[in-house]
Amino acid sequence: MAWPDWLDPRKSFRLRLVLVVIVLVVVLFQGAAYFNRNAFVEQVRTDKGLLLAEIAHQMAGEMDKGVADRLREIGIMASLPILSDPGTPLADKQAMLDALQASYRNYAWIGFTDAEGNILAGTGGLLVGKNVAKRAWFIEGARGPAVGDVHDAFLLAKILPKPEHDFLPLRLLDVSAPIRDRSGHLLGVMCGHLSWDWSYQVKNALLAPLQSHAKVDVLIVGRQGQLLLGTPALHRLAERFDLASLRAARAGRSGFLAEAWPDGETYLTGYAPSTGHGTYRGLGWTVLVRQPAGQAFAVADTLQRRGIVTSIVFAVAFAVVLWYSAGRLVEPMRRIAAAAVRIRERGGEGGIPVLPGADELAVLSRSLADMVGTLEAQKGELADKNQQLQLSAQVFSSSTEGIIITDAEERILSINQAYSEITGYRLEEVIGKTPRLLASGRQDKGFYAAMWGELQRHGRWQGEVWNRRKDGEVYPEWLIISRVCDAAGAVSHYIGIFTDITERKRAEERILHLANHDVLTDLPNRLLYLEQLNAALIHARRQHGALAVLFVDLDRFKNVNDSLGHHIGDLLLLQVAKRLAGTLDAGGFVARWGGDEFVVFIPDLRDTAVAARLAERINALIATPFQIGDSLNLSITSSVGIAIYPDDGTDVVTLTKNADAAMYYAKENGRDNYQFFTREINQQVNERLLMENALRQALAQGQLEVYYQPQVALPGLAIVGVEALLRWHHPEWGMVSPGRFIPVAEETGLIVPIGEWVLREACAQQLRWRDEGLAVRMAVNLSSVQFQHGDLAGLITGIVTGMGAVPENIELEITESVVLDCADCARDTLTRLHELGFSIAMDDFGTGYSSLSYINQLPLDRIKIDQSFVRDITSNPQSSAIASAVVAMARSLDLQVIAEGVETAEQLEYLRLLECEELQGYLFGRPQPADAIGRLLRGDPPG
C-alpha cells in the first residue's frame, strides 16, 4: 500500500516536524510534569518540615526563655532585703517563701540556706535543717545565678502531689542564686525546684493549633541522652534509637528530615537545639518534633495522580493543533531555501527574498539579504583593524609597565615582557591562572572585596598592592585595573597595568623614619615619644595598670661642648643613647627629648621599685667612663626624675613635666642621683613658677633695690669699698631672700637683665657718692649665666664708661661656678675686663671645687674667704688652718684677701694676726640702702 506524500516522512518536512515536535513536547511535558510533581511533593515536604522545625525551634526557645525567666526570678528572690536582714525572724522569711510559691505556681519547692549549706527555710516547711553543701545547685548558686539539669526527686515525690502531665512521679529543674550582704559577702543560697510538669504546659500550648488535624509527637532529650519530655512509649524508645536528626541537633543545627524510626515507621522529623536566652547559655537540650510521613504527604500524592491524567489529555489536543500550524510555518522556509540554492548555483548572483512581517522568518530573510550586501564592505574594514591590532601589540610588548589581560573569570590570557621582568613569571607559567598567583597575603579579604566592589561600580580601580615575585620576594606595586565590556555591556576582559614602586616605598620609609627619629642618635624623637606614650597611657587606663616616665639629663654636659667642642659632645651623646637603649627590658621605650635630655617610659609597671632599679642602672651606666676615639676618656654623670601614672599625672604633658621637675630636684640634691616626683616637688615647682612670674614683673614695677655692705681695711678699719647686693621688696611677700629668687633668675635667664640693671644702679650710686667727695670701690657680682649670653665684656664696659664711671673703681666678683660652667669663655672675658682696668675677685673661695690651675689662669686681684670658714675660725682648728692657708697662698700669688662674715671682735683679732688685708661682715655693717651707707661714709652720727 502506497502512502500519500504528506504522510511519508521521507518526503514531507511537515510530517517530520510534527512528529519531532510531538515527541519532544510529550517528553518535555511529561518530564516537566514529573519534575513539577516531585517539586510539589518536595515543597509540601519542605513546608511540613519547616513547620515541624519551627515548632521544635519555638519549643526550644520557650524552654530557654522559661529557664532564663526562672533564673531572673530566683535572682530577684535572692536579692530581697528580708533574706539578708539578720534581724528578720525566720518565721517571717518562711511566710515570704510560701507567698512566693503561691505567686510562682510552677515551683514545687522554694527555700534558702546559710553560707554552710544548711537549709534555713523552705515552702511547706520541707527539707528544713538538711545540709546540701555538696549539692550542685548550692555549689554553683554560691558563685552566681545557676541552673541544673532535670533530675528525679524521689523524696519530694512522696510528699508533693503527683504531676498533672508528667508520666514519671516527680522531676525537677533546680535554679539557684547567691544571697549576699551589702558588702558582697555570701550569706546563703536561694533555690527553687521547678516542677518539670511546666515543660508539658509549654508543649501543649505550642501544639494546640496543630493537634486538631494531625498527630505530632514532641521529645526533649537531655545532654546525657535522657528523655526529658515525651510519652511512656517514647521514653522506652529513646533508650535505643540513633537518629540523624538527633545527631544534627546535638551538633548545634536546626532543620528537618524524613527518617525511619526504630518502630519501623517513617516520620518527618523537625529538630532544634537549645541555644539559651540572653545571658543564659542553655543546658544542651535537643527538641525533636515528628509526624508520620503518610499524613504529611497525603495531599501531594493525590495531586500527583490527577496531574498524570491531565498530561495525557493535553498531549492529544496539542498534536492536532501542531499539525495545522506546521503547514503554515514550513512554506516561508521553503521559499528562503529555494533562493539560497539559486545563489549558490549562480555564484552569488541573486538575492534572498524578503518576507513581509516582523516575525523571526521575516527578520531572518532581511538579515540574510543584508549580510550578502555587506560582506564586501567589511573586507576593507577588516584590513584597517588588522593594522590597528598590530600597533597595539607593539605598544603592549614594548611598555616598561607590567600589563596583564584576563577574561571575565579572571583567567590570565596574556602578559607583556615587563610583567615577566617584574614578577619573574614567563607567559607559559601564568596562562589560564588567576592574578591571585602573585598574592602575598599582606592584604586581607576585605581589601580585595572593596577593590572589586569599586571596580564593578566604576569600571576602574587604582591603588597600592603588595604582591610576591616568583623568587618569593614581596614587593609593592601601583596597580590600575580597567574593566572591558562587550557590545552588550557584559564584562569580557580585565586589563591590569602596574609599576614596581619598591624604591619609592623605601624613600617614604626613610622619610618617615627621619620624621620620627633623632638624626644624631637614631633614637625615637620627641614626636614619636609623645605618640607612643599616649598609646601606652590609653592601654594602661583600659587595663587599670601603671606606667613610669623617667627624665634623664646629663650633668654639666655644656662643659664638654664648651671645652672639647660640639663634635666630641655629639660622639658622647651617641654613646649615651646606645647605653640607654641597651638598659631597657622588653616593652620599654627610650627617646631623645632634646640637647642632653632623654626620656624613658616603662609600660605595664608592676612595682615602682622597677623604675627605681632602672634609674640606678642608668646612672651607673652613664657614670662609667666613655671612650671617645682612641685616646679620650670622658666621665659624666646623670640626674633622673621619675613620674608614675596615674599618681603623678594622667596625660602625656603632665607626666613628662612632673618627671622633668623631679629631675631638676635631683640636680638640686647634688646631681648623679634619681628622685621620684612628690607633692613637695610639685609645690616647689609651682612656687618657683609663681616666683618666676613675679620676678619678671619686679624689675618693671620697681620692686628691686640695691643694698650695699661696707668693706673695711686693716689696720684702721676704714671703709675702702662696698659690695652691691640685690634685694626684692614684694608687695605681698615682703622682703624675699636672695637665696630664693637668685637661683630662679639664673635658671630662667632673668639674671641677665637684672644683672645689667644692678650694674647701672651701682655705677649711678658710685657717681653720686663721688660727687659728694666720697671715693669708694664698688664690688658687683657676676653670674655664670651672664657669661653665656653675648659679649659680656663689651656690655659691662659700655655701661660703666657710658655712665662716666671709672673701670679702676669697679670690682667684679665671680664664684667658682663660673669657672666650672664656662671655663674658656670666662677666662677670655675676665682677661679682657682686667685689661680694661676692672679688678676681679673670687667670691666664696674654698667652698666649691677650687683648683690652683684655674686661679693661676684667671686674672684675679683678690680672693674672698667664705664666711663658713670665718664663722668657726676661733673655735675650729680646721677652719683656722684653711683660712691661714688661703692667706698664705694669696700672698704668694700676690693677691689680696678679704674675709667675709666677720661678726665678732675675736674673729677680727684673729684675722688681724693673719695679716688679712680687708674685712666684711655684720661687725662693720649689715647690707643697707644707699642713704644709710652714705651716712657711714660721711661719718654722720647714727639716727
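If you're wondering where the values come from, they're calculated on a predicted model, not measured in any experiment.

## Examining the pattern of salt bridges
Okay, so step 1: By the definition in use, this model includes 32 salt bridges.
Okay, so step 2: Here Arg-411 and Glu-409 are joined by a salt bridge, their closest N and O atoms 3.5 Å apart.
Okay, so step 3: In this structure, Arg-891 engages Glu-915 in a salt bridge whose closest nitrogen and oxygen atoms are separated by 3.7 Å. Of this pair, Arg-891 sits in helix 29 (residues 877-892) while Glu-915 sits in the loop between helix 30 (905-913) and strand 31 (918-919), and the two are 24 residues apart along the sequence.
Okay, so step 4: Residue class for Glu-915 comes out exposed when judged on its relative accessible area of 55%.
Okay, so step 5: A cluster of three or more residues bridged by salt bridges with shared partners is formed by Arg-426, Glu-428, Glu-429 and Lys-470.

## Points about helix 18 (residues 566-583)
Okay, so step 1: Given a rise of 1.5 Å per residue, 18 residues ought to cover 26 Å, and the 26 Å separating the end C-alpha atoms of helix 18 matches this to within 8%.
Okay, so step 2: Buried within helix 18 are the following residues: Ile-568, Gly-569, Leu-572, Leu-573, Val-576, Ala-577, Leu-580 and Thr-583.

## Some thoughts on the packing of aromatic side chains
Describing an aromatic ring pair means giving the distance of the ring centres and the angle of the ring planes.
Okay, so step 1: Tallied over the entire structure, the rule returns 15 aromatic pairs.
Okay, so step 2: For the ring pair Phe-447 and Tyr-448, a centre distance of 5.2 Å and an interplane angle of 85 degrees mean the geometry is edge-to-face.
Okay, so step 3: Geometrically, the ring pair formed by Tyr-674 and Phe-676 is edge-to-face, given 6.2 Å between the ring centres and 80 degrees between the ring planes.
Okay, so step 4: By relative accessible area, Tyr-674 is classed as partly exposed at 24%.
Okay, so step 5: Under the relative-accessibility criterion, Phe-676 is labelled partly exposed at 29%.
Okay, so step 6: By way of ring pairs, the aromatic residues Tyr-529, Phe-551, Phe-589, Trp-593 and Phe-601 are connected into one cluster.

## A few points about helix 30
Given 3.6 residues per turn, any residue in an α-helix points the same way as the ones three and four places further on.
Okay, so step 1: Buried within helix 30 we find Gln-907, Leu-908 and Leu-911. Taken end-on, helix 30 shows its buried residues confined to a sector of 100 degrees, consistent with a single buried face. Relative to its buried face, helix 30 has exposed residues pointing more than 90 degrees away, namely Glu-906 and Leu-913.
Okay, so step 2: Among the structural elements, helix 28 (867-871), strand 30 (896-899) and strand 31 are those in contact with the buried residues of helix 30.

## Section: the side chain of Gln-766
Okay, so step 1: Structurally, Gln-766 is set in helix 23 (residues 751-771).
Okay, so step 2: Owing to a relative accessible area of 6%, Gln-766 belongs among the buried residues under this scheme.
Okay, so step 3: At a separation of 2.9 Å, a polar atom in the side chain of Gln-766 contacts the main-chain carbonyl oxygen of Asn-809.
Okay, so step 4: Those residues within four positions of Gln-766 in sequence are excluded, and the remaining contacts are Val-776, Arg-777, Met-778, Ala-805, Asn-809 and Ile-810.

## Quick notes on the sheet that holds strand 3 (residues 146-152)
Okay, so step 1: Taken together, five strands build an open sheet; the order of strands is 2-1-5-4-3 and the sheet is antiparallel. The open sheet is flanked by strand 2 (119-122) and strand 3, the only strands paired with a single partner. Going across the sheet, the axis of each strand differs from the next one's by a mean of 25 degrees, ignoring polarity.
Okay, so step 2: Pairing between strand 1 (residues 107-113) and strand 5 (residues 186-195): five bridges, direction antiparallel. Opposite Trp-109, over in strand 5, you have His-193 as the bridge partner.
Okay, so step 3: In the packing of helix 3 (residues 90-103) onto the sheet, the strands contacted are strand 1, strand 2 and strand 5, and the crossing angle to strand 1 comes to about 155 degrees.

## Notes on the pairing of strand 16 (residues 547-554)
Okay, so step 1: When you tally the buried positions in strand 16, you get eight out of eight residues, the bulk of the element.
Okay, so step 2: Here strand 16 shows two buried faces, one formed by Leu-547, Val-549, Phe-551 and Asp-553 and the other by Ala-548, Leu-550, Val-552 and Leu-554.
Okay, so step 3: Sheet analysis places strand 16 next to strand 21 (residues 638-645), joined by eight bridges and oriented antiparallel. Looking at strand 21, one finds that Asp-553 is bridged to Ser-639.
Okay, so step 4: Taken together, the six bridges between strand 16 and strand 18 (residues 597-602) define a ladder with antiparallel strand orientation. The residue of strand 18 that forms the bridge with Val-549 is Phe-601.

## Topic: the sheet that holds strand 7 (residues 227-229)
Where strands meet in a sheet, backbone hydrogen bonds hold them as pairs that are either parallel or antiparallel.
Okay, so step 1: A sheet is described by the order of its strands in space; here five strands give the open sequence 7-6-10-9-8, paired in antiparallel fashion. Only two strands of the sheet have a single partner each, and these edge strands are strand 7 and strand 8 (255-260). Each neighbouring strand pair of the sheet contributes to a mean axis angle of 30 degrees, computed without reference to strand direction.
Okay, so step 2: Looking at chain direction, strand 6 (residues 217-221) and strand 7 are connected through two bridges and run antiparallel. Looking at strand 7, one finds that Val-221 is bridged to Leu-227.
Okay, so step 3: Running at roughly 60 degrees to strand 7, helix 6 (residues 197-207) makes contact with strand 6 and strand 7 of the sheet.

The rules behind each value
Residues numbered from 1 in each chain as written. Predicted model: local features only at pLDDT ≥ 70, side-chain atom pairs only at ≥ 80, totals over all residues. Heavy atoms only, no water. Salt bridge = Lys/Arg side-chain N within 4 Å of Asp/Glu carboxyl O. Helix = DSSP H or I, 4+ residues; strand = E, 2+ residues; numbered from the N terminus. Buried < 20%, exposed > 50% of the residue type's maximum accessible area, 1.4 Å probe, protein only. Expected span 1.5 Å × (residues − 1). Phe/Tyr/Trp six-rings, centres within 6.5 Å; stacked < 30°, edge-to-face > 60°. Arc of directions from axis to C-beta. Contact = heavy atoms within 4.5 Å. Polar contact = N/O pair within 3.5 Å; in protein donor to acceptor, adjacent residues only side chain to side chain. Pairing = 2+ DSSP bridges. Axes fitted to C-alpha atoms, helices over the stretch in contact; angles between N-to-C directions.

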